[in-house]
Amino acid sequence: RVRLPDGARVLPELVIGPFGAAVVEELPPAGAVVSRGPRSWEVRLADGQVHLIDHPLERATRDAERVRVWFAGGDADHVVKVYAAVVGTDPSLTRTPMCAYITPDQVGPWLASLPPQRSFDADRRSRIIRIVRAAL
C-alpha cells in the first residue's frame with residue numbers, strides 16, 4: 001500500500017523489478033458491484049453505501065502514469081517504465097492497450113514476462129526503492 005505524493009490515491013500493490021515498476025490492482029468483488037458502465041462502476045462498500053469508482057482498467061492505467069511522473073522526479077534524463085494490470089476473473093472484461101487484465105494465477109507469469117529495462121540499473125533501482133519506502 002503506497003500513498004502517491006499527491007495524496008489522492010493509495011496503490012494497493014506496486015512491484016519494482018528489472019522491468020521497472022508495475023501497478024497491480026484487483027477488481028472489486030463481483031457481489032459488491034452494483035452496476036458497470038463504460039467509464040465508471042458503482043460498488044457497494046461494507047457499510048452498505050454505494051460509491052462511484054472509475055473503470056478499474058482505466059484507473060490502473062492512470063495510476064501507472066502517476067507513478068511514472070512521480071519516479072521521473074529529478075531524473076529527467078531517465079524514464080522508468082511502469083506497467084499496469086488489473087487482477088480478476090470477470091470474463092466480460094478484456095485487456096486494453098495500456099493495461100493488462102489477468103487472473104490471480106497469472107500474476108507471477110505476467111511479471112516474469114515483462115522485458116528488463118536495460119537502463120534501470122542498480123543505482124536507479126535503489127533510488128526508486130528509497131522513494132517508495134519513504135512513501136510507506
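For the structure itself, look to the data block above.
Residues numbered from 1 in each chain as written. Predicted model: local features only at pLDDT ≥ 70, side-chain atom pairs only at ≥ 80, totals over all residues. Heavy atoms only, no water.

Asker: Break down the sheet that holds strand 7 (residues 50-54) for me, citing the residues and quoting the values.
Answerer: Within the open sheet, the 3 strands sit side by side as 5-6-7. Their pairing is antiparallel. If you trace the sheet from one side to the other, it starts and ends with strand 5 (33-36) and strand 7, each paired once. Sheet twist, expressed as the average angle between the axes of neighbouring strands with direction ignored, equals 25°. Where strand 5 and strand 6 (residues 40-44) come together, 3 bridges link them in antiparallel fashion. Residue pairing for strand 6: Arg 36 is matched across the bridge by Trp 41. (Pairing = 2+ DSSP bridges. Helix = DSSP H or I, 4+ residues; strand = E, 2+ residues; numbered from the N terminus. Axes fitted to C-alpha atoms, helices over the stretch in contact; angles between N-to-C directions.)

Asker: An account of the packing of aromatic side chains is requested, with residue identities and associated values reported.
Answerer: Enumeration over the complete set of coordinates arrives at 2 aromatic pairs. A ring pair is formed by Phe 19 and Tyr 83, whose centres lie 6.3 Å apart and whose planes are at 70°; its orientation type is edge-to-face. Of this pair, Phe 19 sits in the loop between strand 3 (13-17) and strand 4 (20-26) while Tyr 83 is found in strand 8 (residues 82-87), placing the two residues 64 residues apart along the sequence. Centroid distance Trp 70 to Phe 71: 5.1 Å. Interplanar angle 35°. Geometry classified as tilted. (Phe/Tyr/Trp six-rings, centres within 6.5 Å; stacked < 30°, edge-to-face > 60°.)

Asker: Go over helix 3 (residues 122-135) with me, naming the residues and quoting the values.
Answerer: Taking 1.5 Å as the rise per residue, helix 3 with 14 residues should run 20 Å; its terminal C-alpha atoms sit 20 Å apart, in good agreement. Among the residues of helix 3, the N-terminal cap falls to Asp 121, whose side-chain oxygen and the backbone nitrogen of Asp 123 are separated by 3.3 Å. (Expected span 1.5 Å × (residues − 1). Polar contact = N/O pair within 3.5 Å; in protein donor to acceptor, adjacent residues only side chain to side chain.)

Asker: Before we move on, could you go through the environment of Asp 47 and cite the residues and values that matter?
Answerer: Secondary-structure assignment places Asp 47 in the loop between strand 6 and strand 7. Judged by its relative accessible area of 55%, Asp 47 is exposed. Within polar-contact distance, the side chain of Asp 47 engages the backbone nitrogen of Gln 49 at 3.0 Å. (Buried < 20%, exposed > 50% of the residue type's maximum accessible area, 1.4 Å probe, protein only.)

Read these as spatial facts, not as claims about activity.
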